[in-house]
Amino acid sequence: MDRAQKEKVVEELGQIFESSGAVVVARYTGLTVAEMQDLRARARESNASVRVAKNRLAKIALDGKPCAGIAEYLTGMTVLTFSEDPVAAAKVSEGFAKANGKFVILGGAMGENVLDRGGVANVSKMPSRDELVSSIAACIGAPASGIAGAIGAPASNIAGILSTIAEKAEAA
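Residues numbered from 1 in each chain as written. Predicted model: local features only at pLDDT ≥ 70, side-chain atom pairs only at ≥ 80, totals over all residues. Heavy atoms only, no water.

### Here we look at the layout of surface pockets
Over the atoms rolls a probe the size of a water molecule, and in doing so it shows where empty space is left.
Argument step 1. Put simply, the largest pocket is a space of about 210 Å³.
Argument step 2. Along its surface, the largest pocket is lined by Glu-45, Ser-46, Asn-47, Glu-84, Asp-85, Ala-88, Lys-91, Val-92, Ser-128, Arg-129, Asp-130 and Glu-131.
Argument step 3. Its residues assigned to classes, the lining of the largest pocket comprises two nonpolar, three polar and seven charged. (1 Å grid on protein atoms, 1.4 Å probe; cavity = no way out; pocket = protein on both sides within 12 Å on 5 of 7 lines; lining within 4 Å. Points joined across faces, edges and corners; volume = space filled by probe spheres on them. Nonpolar A, V, L, I, M, F, W, Y, C, P; charged D, E, K, R; others polar.)

### Quick word on the confidence of the model for the protein chain
Argument step 1. Mean pLDDT over the protein chain works out to 85, with 87% of the residues at or above the 70 mark.
Argument step 2. Mean pLDDT across the secondary structure elements of the protein chain bottoms out at helix 6 (residues 129-171), with 70, and peaks at helix 2 (residues 33-45), with 93. (pLDDT = per-residue confidence, 0-100. Helix = DSSP H or I, 4+ residues; strand = E, 2+ residues; numbered from the N terminus.)

### Quick look at the pattern of salt bridges
Argument step 1. As enumerated under the stated definition, the model contains five salt bridges in all.
Argument step 2. The closest approach of N and O atoms between Glu-12 and Arg-51, which form a salt bridge, is 3.3 Å. Remark: Arg-51 occurs in strand 2 (residues 48-52) and Glu-12 occurs in helix 1 (residues 3-19); sequence separation between them is 39 residues.
Argument step 3. A salt bridge links Lys-102 to Glu-35; the nearest nitrogen and oxygen atoms lie 3.4 Å apart. Within this pair, whereas Lys-102 is found in the loop between helix 4 (88-99) and strand 4 (104-110), its partner Glu-35 is found in helix 2, the two being separated by 67 residues in sequence. (Salt bridge = Lys/Arg side-chain N within 4 Å of Asp/Glu carboxyl O.)

### Considering a nonpolar patch on the surface
Argument step 1. The grouping of Leu-132, Ile-136 and Ile-140 at the surface amounts to a nonpolar patch, some 300 Å² of accessible area in total.
Argument step 2. Tracing the backbone through its elements, the reader meets Leu-132 in helix 6.
Argument step 3. According to the relative accessible area criterion, Leu-132 is partly exposed, its value standing at 41%. (Patch = residues over 30% accessible without salt bridge, like charges linked within 9 Å, V, L, I, M, F, W, Y side chains within 5 Å. Areas by Shrake-Rupley, 256 points an atom, 1.4 Å probe, with all protein chains shown as cover. Buried < 20%, exposed > 50% of the residue type's maximum accessible area, 1.4 Å probe, protein only.)

### Comments concerning the sheet that holds strand 4
Argument step 1. Strand order in the open sheet formed by five strands is 2-3-1-4-5, and the pairing between neighbours is antiparallel. Among the strands making up the open sheet, the edge pair consists of strand 2 and strand 5 (113-115). In this sheet, neighbouring strand axes are inclined to one another by 20 degrees on average, regardless of whether the strands run parallel or antiparallel.
Argument step 2. Here three bridges tie strand 4 to strand 5, and the two strands are oriented antiparallel to one another. Opposite Ala-109, over in strand 5, you have Val-114 as the bridge partner.
Argument step 3. Along the sheet face, helix 4 touches strand 1 (22-27), strand 2, strand 3 (78-83) and strand 4 and points at about 135 degrees away from the line of strand 3.
Argument step 4. Here helix 5 (residues 117-124) sits on the sheet in contact with strand 1, strand 4 and strand 5, set at roughly 70 degrees to strand 4. (Pairing = 2+ DSSP bridges. Axes fitted to C-alpha atoms, helices over the stretch in contact; angles between N-to-C directions. Contact = heavy atoms within 4.5 Å.)

If you want it as structure tokens, here you go:
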């Protein structure tokens, strides 16, 4: 890799560290190509990404970034899982780590907050952005449907009363 390529990689990594809601650092020693492809597929399904980068270049890219504290985790064979949604990368990493013992989560960052192993586990248990939006929409929609039901109920009662009056009038 020549100097221009290294500069490009550092710039790409810098963008990742700057724009991601969360970055998870894990050790992947011993994973097969098929297992890495499985990790990448899981990440894609959750709108997250996986990137293997040289630790030295990643540390250069971290300089001056909000999540610069994760540089301590960049030793050995590490892989970065990142996403705009602060929860997606943690969920993907935790799920893959449970299924594969060779994938060891070291820590991560959520904005300026550096997370240890337990912090990543706690973040993975939080609802994702999509889950939160769905629950908020349901909360907003529930009163509206209740109001519509309340408004419609008297009309059906009036219709029932009118039909009863009509039946009595025909019988008389």
